[in-house]
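Residues per chain, in single letters:
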Amino acid sequence: MTDIIKHRGRVEKVEGSHVVVRIVQTSACSACSIKGHCNASESKEKLIDVYEVNASYQVGEEVVLCGTTSMGMQAVLLAFGVPLFILLLALAISMHLTNDDALISSLVGLLSIVPYYLVIYFCKDKLKKTFSFTIEKQ
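What counts, and where the lines are drawn
- Each chain has its residues counted from 1, running along the sequence as written.
- In view of the model being predicted, local features appear only for residues whose pLDDT reaches at least 70, and side-chain atom pairs are presented and counted only at 80 or more, with totals across whole chains, interfaces and linings using the full set of residues.
- Remark: hydrogens and water are excluded; side-chain values derive from all non-hydrogen atoms of the structure.
- In this description, a line fitted to the C-alpha atoms serves as the axis of each element, helices being fitted only across the stretch in contact, and the angle between N-to-C directions of two axes falls anywhere from 0 to 180 degrees.
- Elements are defined by DSSP. Helices are runs of H or I of four residues or more, strands are runs of E of two residues or more, and each kind is numbered from the N terminus.
- Roughly parallel here means an angle under 35 degrees, roughly antiparallel means over 145, roughly perpendicular means 65 to 115, and every remaining angle is called oblique.
- It only takes one pair of heavy atoms within 4.5 Å for two residues to be counted as in contact.
- Ten residues, namely Ala, Val, Leu, Ile, Met, Phe, Trp, Tyr, Cys and Pro, are considered nonpolar, four, namely Asp, Glu, Lys and Arg, are considered charged, and the remaining ones, Gly among them, are considered polar.
- Whether two aromatic rings pair depends on their centres lying within 6.5 Å, for rings of Phe, Tyr and Trp, where Trp uses its six-membered ring; planes under 30 degrees apart make the pair stacked, over 60 edge-to-face, and the rest tilted.
- For each residue, the accessible area found with a 1.4 Å probe, counting protein chains only, is set against the maximum for its type, and the residue is called buried under 20%, exposed over 50%, and partly exposed in between.
- A pairing counts as a salt bridge when a side-chain nitrogen of Lys or Arg comes within 4 Å of a carboxyl oxygen of Asp or Glu.
- Buried Ala, Val, Leu, Ile, Met, Phe, Trp, Tyr and Cys residues that are joined via side-chain atoms within 4.5 Å together make up what is termed a nonpolar core.
- Exposure above 30% relative accessible area and the absence of a salt bridge qualify a residue for a patch, where like charges join within 9 Å and nonpolar side chains (Val, Leu, Ile, Met, Phe, Trp, Tyr) within 5 Å.
- Each accessible area value is a Shrake-Rupley result obtained with a 1.4 Å probe; residue values ignore everything except the protein chains displayed when judging cover.

K.L.:
Hey, could you run me through the packing of helix α2 (residues 102-112) against helix α3 (residues 114-122) in this one?
P.N.:
In helix packing, the relevant descriptors are the interaxial angle and the interaxial distance, both defined with respect to the helix axes. Put simply, α2 and α3 touch, their axes get as near as 5 Å, and they point 10° apart. Here α2 lies roughly parallel to α3, going by the angle between them. Residues L110, L111 and S112 of α2 form the contact with α3, whose participating residues are V114, P115 and Y116. A per-class count over the contact of α2 with α3 returns 5 nonpolar, 1 polar and no charged.

Next comes the structure, spelled out in structure tokens:
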């Protein structure tokens, strides 16, 4: 059984089967009763693209955006886990090859993740299909 993450939102734009949903992402502090006296609370508005086959939604309509926790974990792994592994591997190899020259090894480590992010950028259309959200009427 997959866990479903649900978030309320409002339809901003409908173009054929493409629906743009605006959600308000809030930190846990935003629900706190003393948030006005603290600087830790924050909220951000995000626009989420949803590709629905039968997009029968109206602009301004309240909807529920649905995604899976496994999709979120996979996104974190692709965005942070794999680049960290590449960076550490390149750093270890370059430290060995340069006789522990930290400056050169650091630069090699940082530059080693550039090709990875370029591949991610060029595969963004495929990733949009992999990381797809669904919406439900409220």
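K.L.:
Explanation requested: the packing of aromatic side chains in the structure shown.
P.N.:
Aromatic rings in a pair are described by how distant their centres are and how their planes are angled relative to each other. A complete count under the given rule lists 2 aromatic pairs for this structure. Consider the rings of Y116 and Y117, whose centres lie 5.5 Å apart with planes at 70°: the pair is edge-to-face. Ring geometry for Y121 against F122: centres 5.4 Å apart, planes inclined by 70°, an arrangement best described as edge-to-face. What makes F122 exposed here is its relative accessible area of 64%.

K.L.:
How should I be thinking about the pattern of salt bridges in this particular structure?
P.N.:
A side chain with one charge may pair with a side chain of the opposite charge, provided their charged atoms come close. Under the defined criterion, the tally for this structure stands at 6 salt bridges. E12 serves as the salt-bridge partner of R22, at 3.2 Å between the closest nitrogen and oxygen. Linking R22 in strand β2 (residues 18-26) with E12 in strand β1 (residues 4-15), this pair joins segments that are 10 residues apart in sequence. For E12, a relative accessible area of 31% corresponds to the partly exposed category. Put simply, E12, R22 and E45 are held in one network by salt bridges that share partners.

K.L.:
Help me understand the nonpolar core, please; the structure alone is not making it clear to me.
P.N.:
Across soluble globular proteins, nonpolar side chains show a tendency to be buried alongside one another. Counting residues in each nonpolar core, the largest one holds 10 residues, listed as V11, V19, V21, I23, I48, V50, Y57, V63, L65 and I135. Mapped by element, the contributors of at least two residues to this core are β2, β3 (43-51) and β4 (62-68). Ranked by the residues each element gives to this core, the list is headed by β2, at 3 residues.

K.L.:
Quick question: what am I supposed to make of a nonpolar patch on the surface here?
P.N.:
Together, L103, L107, L111, V114, L118, Y121 and F122 make up an exposed nonpolar region whose accessible area comes to about 780 Å². Those elements that place two or more of their residues in the nonpolar patch are α2 and α3. In terms of residue count, α3 provides more of the nonpolar patch than any other element does, 4 residues in total. Its location among the elements puts Y121 in helix α3.

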